[in-house]
Amino acid sequence: MSGLTRFGGRLAVRLQSLTRPQAVVLMVVLALVAGVWTAAASGHAGLATSLVAVLLLGVLLGILHLSRWMAGLYRANQAAHRDLRIVVEQMQRRVVAGVEKERLSAGDRHQELTRTLARGLRQHGHGNDLLLRAQSREIEAMFQLFAEFTPRAPMPSSGDFALNPTDLLDLLYLVRLRRPQLVVELGSGTSTVWLAYALEKTGGRLVSLDHDGDYARKTREQLDAHGLSAVAEVRTAPLTELAVDGKTYRWYDVEKLADVRDIDLLLIDGPPAATGPDARYPALHALQSRLAPVATVVLDDADRPDEQDAVRRWTENITGLTAEPRLLGRHAVLSYSRSGAPASVPA
Ligand SMILES: C[S@@+](CC[C@H](N)C(=O)[O-])C[C@H]1O[C@@H](n2cnc3c(N)ncnc32)[C@H](O)[C@@H]1O
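Because the structure is a prediction, the values reported are computed rather than measured.

### A closer look at helix H4 (residues 165-178)
In this model, H4 (14 residues) spans 20 Å end to end at C-alpha, consistent with the 20 Å of a helix rising 1.5 Å per residue. Among the 14 residues that make up H4, eleven are buried, leaving the element largely enclosed by the rest of the structure. Those residues of H4 lying buried are Pro165, Thr166, Asp167, Leu168, Leu169, Asp170, Leu171, Leu172, Leu174, Val175 and Arg178. Looking one or two residues past H4, Arg179 carries a phi angle of roughly 45 degrees, positive in sign.

Listed below in structure tokens is the structure:
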């Protein structure tokens, strides 16, 4: 009984979900079945047969309609399948093209990297070569320095901020040739000790300025250790503002040289470049009036753009100042003659 109830319930649900044309077809079929049944019961065999024939025709038409509908469905399914295949093929082509493009550009990058590496290796080799030659030059200069002087204590290093041995060699050669009575050095250190040894021999005196109290003290200690304090003194001269040609620079407190006159040799090796652009340019503006009538000016690091510019501006603007040709080191040597006449200094 309950099984029959469940069947009835399911049937009712299905009947409710029929579309209108389906409901009409069902009604017609039911009406025909009822007609066949009534005609047969009432003895109208001919009518019953006709109604059965109509029913069979309807069933045949229904099967025909169903098969056409299924064929349509199949065709739509095929078309959807074809479209899907086209989309998948297009996506495959795009993926392959993308991978190929990446592969080609990776190949290009690889080639570029190989070329850069090869160039770097070549330059590195060239750099090593230059370094080796520069080192040989400095070692040869060092031998010559120690052949000329016998220090009384270990010499401070000529690396880092100090003058190179080749520059020192040329500087001390100038001292031996020109025998300056008074040398002023801007920027103390190893060069102060070497200069003091040279001046001890020739009978000159050295005043060295250092903007940094610690470096000044260290240089004084070196001079003491070598017994050169009577020949050379180091003055601490902090950097202060100095106006030159309408521009303000940070330069040594020039008051520290208030008692200094007739500088025969001026060595410019400070202030360090890190204290500001064109750090050494003010030197001749500040000290030109304190140079001897005939003097020599040595500027270290003259291979740097700021220093090259300073030499150009000095020689253009200061009468009697000319650059001397040099063979050794990276410093520039300039001769000064207050009268403007060419200075007759030993080469
Ligand atoms: C170019 S250095 C002078 C070097 C000196 N004429 C020589 O040949 O030994 C200029 C200034 O830099 C400072 N200085 C020296 N050695 C330094 C270092 N290793 N690091 C930073 N500053 C240094 C000192 O104050 C010195 O006066």
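### Comments concerning the pairing of strand S3 (residues 232-236)
Strand direction decides the pairing type here: strand S2 (residues 205-210) and S3, joined by five bridges, are parallel. Residue pairing in the sheet places Leu209 in a bridge with Arg235 of S3. Read from S2 through helix H6 (residues 213-225) to S3, the crossover connection turns out right-handed.

### Some remarks on helix H5 (residues 190-202)
Owing to its 3.6 residues per turn, the α-helix brings residues three or four apart onto one side. Over its 13 residues, H5 extends 19 Å from the first C-alpha to the last, a length consistent with the 18 Å expected when each residue adds 1.5 Å. Counting buried positions along H5 yields eleven of 13 residues, so the element is predominantly enclosed. Where H5 is concerned, the buried positions are Thr190, Ser191, Thr192, Val193, Trp194, Leu195, Ala196, Tyr197, Ala198, Leu199 and Thr202. Gly203, located one to two residues past H5, shows a positive phi value of around 90 degrees.

### A closer look at unusual backbone geometry
Gly270 connects to Pro271 through a cis peptide bond whose omega is -5 degrees. Of note, Pro271 is situated in the loop between strand S6 (263-268) and helix H7 (282-287). Phi is positive for Asp301, which is not a glycine, with a value near 60 degrees.

### So, the packing of aromatic side chains
Inspection of the entire model under this criterion finds five aromatic pairs. Ring geometry for Phe146 and Trp194: centres 5.2 Å apart, planes at 75 degrees, overall edge-to-face. Pair noted here: Phe146 is in helix H3 (residues 45-148) and Trp194 is in helix H5, with a separation of 48 residues, a long-range link. Overall, Trp194 belongs to the buried group, its relative accessible area being 1%. Judged by centre distance (5.3 Å) and plane angle (80 degrees), the rings of Trp251 and Tyr252 are edge-to-face. Overall, Trp251 belongs to the buried group, its relative accessible area being 0%.

Rules and cut-offs
- Residues numbered from 1 in each chain as written.
- Predicted model: local features only at pLDDT ≥ 70, side-chain atom pairs only at ≥ 80, totals over all residues.
- Heavy atoms only, no water.
- Helix = DSSP H or I, 4+ residues; strand = E, 2+ residues; numbered from the N terminus.
- Expected span 1.5 Å × (residues − 1).
- Buried < 20%, exposed > 50% of the residue type's maximum accessible area, 1.4 Å probe, protein only.
- Pairing = 2+ DSSP bridges.
- Right-handed = clockwise from strand over helix to strand, strands pointing away.
- Phe/Tyr/Trp six-rings, centres within 6.5 Å; stacked < 30°, edge-to-face > 60°.

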